[in-house]
Amino acid sequence: MSSNESVEKHYSVHWQEEGLYQAPPEFIGQANCTDPGIYEKFSLDKFPECFKAFADLLDWDAYWHTTLDTSDAPCWRWFVGGRLNACYNCVDRHLDKYRNKTAIHFVPELEEEKIEHITYQELYRRVNETAALLKDFAGLKAGDRVTLHLPMTPELPITMLACARLGIIHSEVFAGFSGRACGDRIWDSESTVLITMDSYYRSGKLLDHKEKADEAIKSAEKQGQKVDKVLIWRRYPGTYSSQTPVVDGRDYFMDELLKNYFSVVVEPVSMPAEDILFLMYTSGSTGRPKGCQHSIGGYLAYVTWMSKYVQDIHPEDVYWCMADIGWITGHSFIVYGPLALAASSVIYEGVPTYPDAGRPWKIAEELGVNIFHTSPTAIRGLRKAGADEPSKYNYHFKHMTTVGEPIEPEVWRWYYNVVGRKKAVIVDTWWQTENGGFLCSTIPAVVPMKPGSAGPGVPGIHPIILDDEGNEIPPGAGKAGNICIKNPWPGAFQTIWKDKERYIETYYRRYNRDPNSKDWRDWPYMAGDAAVMAADGYFRILGRIDDVINVAGHRLGTKEIESAALTVEEVAEAAVVSVNDEVKGTVPDLYVSLKPQAQANEELAKRISNAVSEVIGKIARPAHVYIVSDMPKTRSGKLMRRILASISNYKDVGDVTTLANPKIVEEIRRQVQD
Ligand code: WTA
């Protein structure tokens, strides 16, 4: 949908309001937050000082003098003057009490491989040694950016924490992304070091991952960014499991280098709170991914509070978030949040259905997982592949989370009844890469659950629904609009890396009251989602209003997929639309038209589909590639993606008589549907 079409017109409400579910008494009895007055403590009249309660969950080297500095609005600076180290807060400070407690349970995908239980002591050792290597061998220091392209093994959080220890800004790229996508991010972040792994398991296969590093470097160099060193963790230390040659003087094996750093201790660098902890690239309306820049103090305080009071993490809990650390959910809720609270966090290498759909429940039983966190796509997939599997395993969840997409009430109920056995609370957490942590969710022992609704704003977050003119749509009006947040919060990203203009343009311009204002009240944050607010203040999220498509909970830009298709010589125009899918929520369909001499055939369609995997990654592969003789367009030449989306979704295309070429619509409809 383009920005000048109304939100309301395009977002119908998926399902009706459901009844409420109360948290089980056993949960309430042990919950970190049972205070009904919690919302009051974070009311707007207490803003921003109320967020001191968030920061107080951390150990600070120096307290801040200014809680919120708005002088560079809307680039908010939190806890200014404060100093701390994120790695110290996630590792060192737990040693006194929890030295021998498991910090990370690593579950390899192959069942015949042993589960690794890494204590806080061991984590401390490995992080220090890695930090020493990054400092002395790679020459990295505070403020440098380093790109990580690591899969789901303990080396990923170890590397992140080693960076944080030194104040190095990590930029982890999801391992499923292609070498080229990684190269773009190396270039944008100006990294001179790439940290990768030789291989990892996915669906029972040992994938060659190092080959992507070579592509990444080639593509970064083409754009002018030279990479001096590639540091390679090996899935099996001592054995190189990749077919890709090692480049002398550039590529190094971490396990070999680390031998020089055994037992070395690196003091955590005391960092200004508003310095950068990491970049996380995400998709937006244009082809170029945005580097969301997250701060050290604000971000860590925010995810720690959310982990404690929304995720209800206690140090003795075994917490499993099944997301990938390559996405924001994994950063916040596998690594930083749980470790800041001294929990035991589970990292699982592979796919949830390997070797069968009972695997997650088997792992939960084996490790005593009591908090479980996943996406609607995973829930739908596990339900489809093995609806009875949970009953075969002896595990006890007290708490379950869903994140990333709207969850259908029917799927929610399976999660609640079958996975949670009616004994676990569910939180449906709505937020984004940009936000650091949750925006809407219930506080599980305080307000009841409602299937299909994310719940009210979390304490300290004040959401509103605005219509296209900027008027507030009142609760219970049953009308969709743009969900916005009235106030800044500590977990919010600081800006888009090197692109403040785009930051303001994308999130603030539309509803800003005065571009020169330094008052946060003039800068509501526009999330880019359509939502409805019920009379009771619960929010139902309906979907993106921009050119972002949510495939299996992974956020992709339609423009990124389109420009990947356009790398194929024969393609003249490309249009991506999102299509409803039973398991993945939505998937992309790709429509292309060809240059005059080109021949439409299956081989070409396949080549176009492959180009998308090569440029972005397999997750972006279109469900269908339709080569059409022309695209539906308005008289002014605007490509009507909405019409194509209606065809792909078998919906009424509406009135097309005003198009420049109305006849093409019926032709495409027949091609797709007949
Ligand atoms: C969608 C993931 C409905 C939404 C943390 C948002 C959701 C985008 C929910 C961000 C939810 C996330 N219910 N939709 N509970 N959570 N979304 O940046 O469209 O990968 O804008 O962050 O996912 O995706 P991102």
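Computed from a predicted structure; not experimentally measured.

Caption draft 1: Seen up close, the sheet that holds strand β24 (residues 525-533). Within the open sheet, the four strands sit side by side as β21-β22-β24-β25. Their pairing is antiparallel. Only two strands of the sheet have a single partner each, and these edge strands are β21 (463-466) and β25 (539-544). Looking at each pair of strands side by side, their axes are set apart by 50° on average, direction ignored. In terms of strand pairing, β24 meets β25 through five bridges, oriented antiparallel. From the neighbouring strand, Asp 529 faces β25, where its bridge partner is Arg 544.

Caption draft 2: Broad picture of helix α15 (residues 376-386). In terms of residue burial, α15 counts as a mostly covered element, since eight of its eleven residues are buried. For α15, the complete set of buried residues consists of Pro 376, Thr 377, Ala 378, Ile 379, Arg 380, Gly 381, Leu 382 and Gly 386. Residues of α15 that are buried in the fold lie against α14 (359-367), β18 (371-374), β19 (399-403), α16 (409-419) and β29 (585-594).

Caption draft 3: View of the environment of Met 631. Tracing the chain through its elements places Met 631 in the loop between β30 (624-627) and α20 (641-648). Judged by relative accessible area, which is 0%, Met 631 ranks as buried. Note: C-alpha distance between Met 631 and Glu 573 (58 residues apart in sequence) is 8.0 Å. In contact with Met 631, not counting residues within four places along its chain, are Glu 573, Ala 574, Ala 575, Tyr 591, Val 592, Ser 593, Leu 639, Leu 644, Asn 661 and Ile 664.

Caption draft 4: Looking closely at the site of the ligand. Surrounding the ligand, one finds 17 residues, the nearest of these being Asp 428, Thr 429, Thr 433, Asp 529 and Arg 555. Between the ligand and Arg 544, the relevant distance is 2.8 Å, taken from an oxygen atom to a side-chain nitrogen or oxygen of the residue. Compared with its free state, where it exposes 530 Å², the ligand has 96% of that area covered by protein. When its residues are assigned to classes, the shell around the ligand shows six nonpolar, six polar and five charged.

Caption draft 5: Representation of the nonpolar core within the structure. Core analysis: the largest hydrophobic core is formed by 124 residues, its most contacted members being Leu 123, Leu 134 and Tyr 336. If we ignore the near neighbours within four places in the chain, the residues touching Leu 134 are Gly 139, Leu 140, Ala 162, Cys 163, Leu 166, Ile 168, Ile 195 and Leu 231.

Caption draft 6: Structural context of the packing of α20 against helix α21 (residues 663-673). At a closest axis distance of 9 Å, the pairing of α20 and α21 adopts a crossing angle of 35°. You can see that α20 and α21 cross each other, and the crossing is right-handed. Residues Ile 643, Leu 644, Ser 646 and Ile 647 of α20 touch α21, and the partners they reach there are Val 665, Ile 668, Arg 669, Val 672 and Gln 673.

Caption draft 7: Structural detail: the pairing of strand β17 (residues 344-348). For β17, a buried count of five out of five residues is recorded, marking the element as mostly surrounded by other parts of the structure. Along β17, one buried face is formed by Ser 344, Val 346 and Tyr 348 and the opposite face, lined by Ser 345 and Ile 347, is buried too. Pairing of strand β4 (residues 102-107) with β17, which is carried by four bridges, proceeds in the parallel orientation. Opposite Ile 104, over in β17, you have Ser 345 as the bridge partner. Where strand β16 (residues 318-321) lies against β17, two bridges are found, and the strand directions are parallel. From the neighbouring strand, Tyr 319 faces β17, where its bridge partner is Ser 345. As a crossover connection, the stretch from β16 through helix α13 (residues 328-340) into β17 is right-handed.

Scoring rules and cut-offs
Residues numbered from 1 in each chain as written. Predicted model: local features only at pLDDT ≥ 70, side-chain atom pairs only at ≥ 80, totals over all residues. Heavy atoms only, no water. Pairing = 2+ DSSP bridges. Helix = DSSP H or I, 4+ residues; strand = E, 2+ residues; numbered from the N terminus. Axes fitted to C-alpha atoms, helices over the stretch in contact; angles between N-to-C directions. Buried < 20%, exposed > 50% of the residue type's maximum accessible area, 1.4 Å probe, protein only. Contact = heavy atoms within 4.5 Å. Near = heavy atom within 4 Å. Polar contact = N/O pair within 3.5 Å; in protein donor to acceptor, adjacent residues only side chain to side chain. Areas by Shrake-Rupley, 256 points an atom, 1.4 Å probe, with all protein chains shown as cover. Nonpolar A, V, L, I, M, F, W, Y, C, P; charged D, E, K, R; others polar. Core = buried A, V, L, I, M, F, W, Y, C linked by side-chain atoms within 4.5 Å. Left-handed = near helix turned anticlockwise from the far one by under 90°. Right-handed = clockwise from strand over helix to strand, strands pointing away.

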